[in-house]
Amino acid sequence: RGGRRGLLAVLPADRIVPDGGVRRLVASLAQQAGVWWERWRHGEEARRTARDALIDQLPCGVILLDESGRVAALNSVARRLLAQLGAPEPVAGKNMDQLGLPLGSLPRDTDVEFSGRGDQRRYTLRWDEMPGPGESISVVLSDVTAERGAREQAMQAEKMSVIGEMLSGVAHELNNPLASVLGFSQLLLSQCTDERQHERLSLVVAEAQRARRVVANLLDVARVRPPERVAVSLDEIVTSVLTLFAYAFRVDDIDVEWRPAANLPPVSGDRARLQQVMVNLVSNAQHSLRQSHKPRRLTVRADEAAGRVRLQVSDNGGGIPENHLDRIFTPFFTTKAVGAGTGLGLAICARIAEEHGGTIHVRSQVGEGATFLLDLPAGRTPAPPQVTTGTPPADFAGLRRLLVVEDEDVFRQLLQEALSEHGAEVVTAADGAEALAAMAAGSFDAVISDLRMPGMNGMEFHAQVKRRWPAMARRFVFITGDVMDVDVRAFLESCGAPHLPKPFGLQELTDTLVKVVLAGEQDKGAVLNSFQGDSGETAT
Ligand SMILES: Nc1ncnc2c1ncn2[C@@H]1O[C@H](COP(=O)(O)OP(=O)(O)OP(=O)(O)O)[C@@H](O)[C@H]1O
Ligand SMILES: [Mg+2]
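Residues numbered from 1 in each chain as written. Chains lettered and ligands numbered in written order. Predicted model: local features only at pLDDT ≥ 70, side-chain atom pairs only at ≥ 80, totals over all residues. Heavy atoms only, no water.

Caption draft 1: Representation of the pairing of strand β11 (residues 359–364). Going residue by residue along β11, you find Ile360, Val362 and Ser364 tucked away on one face and Thr359, His361 and Arg363 left uncovered on the opposite face. Of the strand pairs in this sheet, β11 and strand β12 (residues 370–377) are connected by 6 bridges, and their pairing is antiparallel. Across the sheet, Val362 pairs through a bridge with Phe372, a residue of β12. The antiparallel hairpin formed by β11 and β12 contains 5 residues in its connecting segment, where Gly367 sits at a positive phi of about 85°. (Buried < 20%, exposed > 50% of the residue type's maximum accessible area, 1.4 Å probe, protein only. Helix = DSSP H or I, 4+ residues; strand = E, 2+ residues; numbered from the N terminus. Pairing = 2+ DSSP bridges.)

Below, the structure written as structure tokens:
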């Protein structure tokens, strides 16, 4: 029934001639065999359909091989991945060697990672023998590019946070001795009359300042604090940075073009940090232009689109090779000579862009220059008017008695010597408790206090002073030794006292002191005028 499917041959074992009974028996056997065959075939088809439906559901590529190692089935993901890997069509019936994925040398039941030939994608392949009848080998193929990218990003973030912690520690350790080196050399410089010694000391000061910049850069990469948010005019920033470089551009014969869009809105951000981005981008461009042929051109543009402001810094220098493009924003990547660059410039730019809710990208081709694109959210508020503070008198006459509170011996000695040079009487204390005792014993024109000290720290000390001698609490200048944590930042904001991060120049310190004392005197005048009497117990 249903046509012939096979042949059942019956060979006589001896000379017996099959009679009718034997023939019937053979016919019924043949019919049974036909029925079994049909059932098996239906079952097999159903099994394959179920198998194909099943493997098509899988998110990875699956290839099944028959006993001779040829492709018997594959799902659509595998078809796509094989095409991506450049395997020849048609795939069915070929063995894995012909598809460019020889299994022979690969271990069984293990993920083997490899990369595509033409593209930069990453794949894994795993094969195993299959139990039971049917196909004998399964091959699982996956595209893991995205996963690897995410893993690398997570590792990078982890690395950055470790680097960050390490850097703030190192910076703290460096800033204290640097503050002393800078301070003492400036002090010696101010007293030095010998010309040669003067020259040498100037070098010491310049080198200490260079070290200070390196430490500050390191901290910028590591910095965790959110940036300030004020309305900043990009026009102002670009103009000031280009002015800063104007002389260098002239020397290197670089033509500069600055094209801001009309009515460019301000961005909301941290002026100093945005300026730093601009300085880094411009100095990179300058470095590249110096090494390439004339005409040398630097073009800076700023445009607004869809609520964002885009700053473009383009040069027609040597450009960036393709295999460097995704590495230039990682810390410490540099192609400059050893000692010439830290490789931190663009890492800082990326960090600052991110802090502002913006992005930074690069477009470049070797020989055709580079364009850096900084996108920032536009702010709508107009730039606040510049507050002008009266210029402080340059003299130090108001500072007769000063209290220095600092736990680092060398730095305390420096402050004492430097301020005494100006004719002030300087009393020192190594922590808050000692300082309180000194204040109870005599009056001071101003207090210079470290914030982090063993025992009573600067914040506790200030609180005590505020309670006992409120007017004196407004005559503080704080010194900070490292990256400020949230508490310290909040404290400084609420008390309004100026603070100087170590290492600072002596001139900065004296200028700040003069300002504080001047403000204190004005305060006192105002209080006396309104109350016509004593403003309470004061230490001054
Ligand atoms: N405009 C540019 N043209 C060509 N290459 C550039 C440009 N800007 C950056 N690069 C490449 O990117 C690298 C990293 O730049 P980055 O500013 O992070 O560090 P650096 O300039 O090498 O060091 P530093 O900023 O400390 O001086 C550079 O060394 C250079 O190879
Ligand atoms: Mg740089």
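Caption draft 2: The arrangement of the site of ligand 1 in detail. Among the 19 residues in the neighbourhood of ligand 1, the closest are listed as Asn284, Thr334, Thr335, Thr342 and Leu346. Taking Asp315, its side chain carries an N or O atom lying 2.9 Å from a nitrogen atom of ligand 1. Here an oxygen atom of ligand 1 and a side-chain polar atom of Lys336 are 2.8 Å apart. Protein coverage of the free-state accessible area of ligand 1, which is 600 Å², stands at 89%. With respect to the detected pockets, ligand 1 is housed in the largest pocket. Secondary structure elements with two or more residues in the shell around ligand 1: α6 (271–290), α7 (345–355) and β12. By residue number, the principal contributor to the shell around ligand 1 is α6, which donates 3 residues. Here the residues of the shell around ligand 1 are counted per class, giving 8 nonpolar, 9 polar and 2 charged. (Near = heavy atom within 4 Å. Polar contact = N/O pair within 3.5 Å; in protein donor to acceptor, adjacent residues only side chain to side chain. Areas by Shrake-Rupley, 256 points an atom, 1.4 Å probe, with all protein chains shown as cover. 1 Å grid on protein atoms, 1.4 Å probe; cavity = no way out; pocket = protein on both sides within 12 Å on 5 of 7 lines; lining within 4 Å. Sits in = over half its atoms within 2 Å of the grid points. Nonpolar A, V, L, I, M, F, W, Y, C, P; charged D, E, K, R; others polar.)

Caption draft 3: Examining the environment of Ser138 more closely. Checked against the element boundaries, Ser138 lands in strand β5 (residues 137–143). Separated by 76 residues in the primary sequence, Ser138 and Val62 have C-alpha atoms spaced 7.0 Å apart. When neighbours within four sequence positions are excluded, Ser138 is seen to be in contact with Ile63, Leu64, Arg126, Trp127, Asp128 and Met130. (Contact = heavy atoms within 4.5 Å.)

Any functional reading would require information that these geometric values do not contain.
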